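Observations on the model geometry
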Amino acid sequence: MINTDIFMVLQKIKRFTDGRQTKAFLVGGFVRDHLLRRLTSDIDIAVTEDAPEYGKRLAGEIGGTFVLLDDINRIARVVIDTDRNSAGFSHFNLDFSTIQSDIKTDLARRDFSINSMAIDLTDFLERPDQPELIDPFQGQKDLQVKIIRAVTDDIFRSDPARLLRVFRLAAELNLTLDENTRRLVQRDAAELSRVAGERAREELVKLLASSEAALKLREMDELGILTVLFPELEHSRDVEQPKEHHWDVLNHSLETVSAAGSIMRSGSCAFITSAILSEVPWSDSLAEHFNSPVSKDTSHAVLVKLAALLHDIAKPETRIIDKERIRFFGHNEQGAVTVVKIMERLRFSNKDIRLVECMVQNHMRPTQMSQTGLPSRRAIYRFFRDTGAVAIDILFLSLADHLAARGPNLDPQQWSWHLQQVKYTLEQYSLDKSLVAPAKLVNGYDLMNELGLKPGPRLREILESVREAQAAGEICNRGEALSYIKNRLI
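Residues numbered from 1 in each chain as written. Predicted model: local features only at pLDDT ≥ 70, side-chain atom pairs only at ≥ 80, totals over all residues. Heavy atoms only, no water.

Moving on, we get to the packing of aromatic side chains. The full count for this structure, using the stated rule, is 10 aromatic pairs. Relative to F271, the ring of W247 lies with its centre 5.3 Å away and its plane at 45 degrees, an arrangement referred to as tilted. A residue pair is termed long-range when its members are at least 10 positions apart, and W247 in the loop between α12 (226–229) and α13 (249–263) and F271 in the loop between α13 and α14 (274–279) qualify at 24 residues. Here the aromatic rings of F384 and Y429 are separated by 4.8 Å at their centres, their planes lie at 10 degrees, and the arrangement is stacked. Placement of F384 in helix α20 (residues 377–387) and of Y429 in helix α22 (residues 412–431) is noted, with a sequence separation of 45 residues between them. By the ring-pair criterion, three or more aromatic residues cluster together here, those being F16, Y54 and F96. (Phe/Tyr/Trp six-rings, centres within 6.5 Å; stacked < 30°, edge-to-face > 60°. Helix = DSSP H or I, 4+ residues; strand = E, 2+ residues; numbered from the N terminus.)

A few words now on the packing of helix α23 (residues 444–451) against helix α24 (residues 457–471). Interhelical geometry of α23 versus α24 gives an angle of 105 degrees and a closest axis separation of 10 Å. In terms of their interaxial angle, α23 and α24 are classed as roughly perpendicular. Here G444, L447 and M448 of α23 lie close against α24, whose contacting residues are L459, I462 and L463. Taken together, the residues of the contact of α23 with α24 break down into 5 nonpolar, 1 polar and no charged. (Axes fitted to C-alpha atoms, helices over the stretch in contact; angles between N-to-C directions. Parallel < 35°, antiparallel > 145°, perpendicular 65-115°, else oblique. Contact = heavy atoms within 4.5 Å. Nonpolar A, V, L, I, M, F, W, Y, C, P; charged D, E, K, R; others polar.)

Of all 6 residues making up strand β2 (residues 42–47), 5 are buried, and the element is well covered by its neighbours. Bridge count between strand β1 (residues 24–27) and β2: 3 bridges; the pairing is antiparallel. Opposite F25, over in β2, you have A46 as the bridge partner. Here 6 bridges tie β2 to strand β5 (residues 91–98), and the two strands are oriented parallel to one another. Considered in β5, the bridge of D44 is made with D95. (Buried < 20%, exposed > 50% of the residue type's maximum accessible area, 1.4 Å probe, protein only. Pairing = 2+ DSSP bridges.)

See the structure below:
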């Protein structure tokens, strides 16, 4: 059965459409998802009149927000905001397109067979369980056999964003590209460079949110798409690493995405056994953290996977041979610079960029907090101070990086030590929040009034030193803080 809230929205559209003597057809993703019994907040409708004009008037009639999406192809959107409804959505996107001649001709201009189906809106509302399906390209059959197939041979040339969409849909719906579609992707891969950053980011983020993200990124590389989207990754291909690494830099990066998805419980990884996975810490609060939104269309889990793909992006340019050993000095700092440029090109939000930059720059920190034994309270404080909102993300990224470095040749002793560092850091964070954000014992006015210090950078340095000592358990109150400053810092 169709969801009640969606049904009511469609009834409003039908009343409006009948009043204008217009024909309306449910098309594309909505029909596909209806056949798959998937709820969706995106409703695609083709109308037999100018869609922007239709959408503008509909928005005024039903209290929605009108957005012109494509003036040339006459595509418009009406956004209906709702309270959190029974479908779990806070809004509906109604995307309207203009039928140029008839519905079958309109479907022939679409991308994939699974998106080239339609249902007459009136028929759908009268018998939602068994409406007549308009399916000239056998999209329903393709859904049943789980393939995604191009409708015509020029779909990627007419809209190169489809080169990403085909992998995103395949990932979301667990579909396989048919051989002709694979051939077309490979033939037209270079066309992806024409896609605007915003559209590329939108498809990429949806792909990364899928549990199949790593597999589809691998397939994108096989067909020549990945390094059109990320030209910087091409330099990583066949770049040799130290002997303990199982893969070259590019393959290691792809495997790190796979490992990250596995340990965040949003994917599987061929070389991570159930025994290994059971050792990686997990809880409801960690699941909530990774699923929590960062910006409009990203989550922590999505950004961790992106950081996993790009964390070694600067290894080729920093690679040296030092005493017959391969080293990549400073690749994390240089990589952070490169990641910012990549994400700006793809029009990620400033917040997304800052967080992934921090992940890449600090992805080796968890194993650097202590060379012997467990990390000190001071080291843990510094780690959380410097990494803030992505501290947990970095801990998991470091584990994924380790697993993807050794692959099937994982050294149990080294892995146990790394895991112990991460577990202890997470435990200390959970048990003692004052370790991360200790209460303020003294402030700048105290230092100026009682110790005669003058305003300036040195004042801030002293206050930070006090917070470190407090986090380390060396001082506990205001008097001890002032004594610590007198005896140790001035």
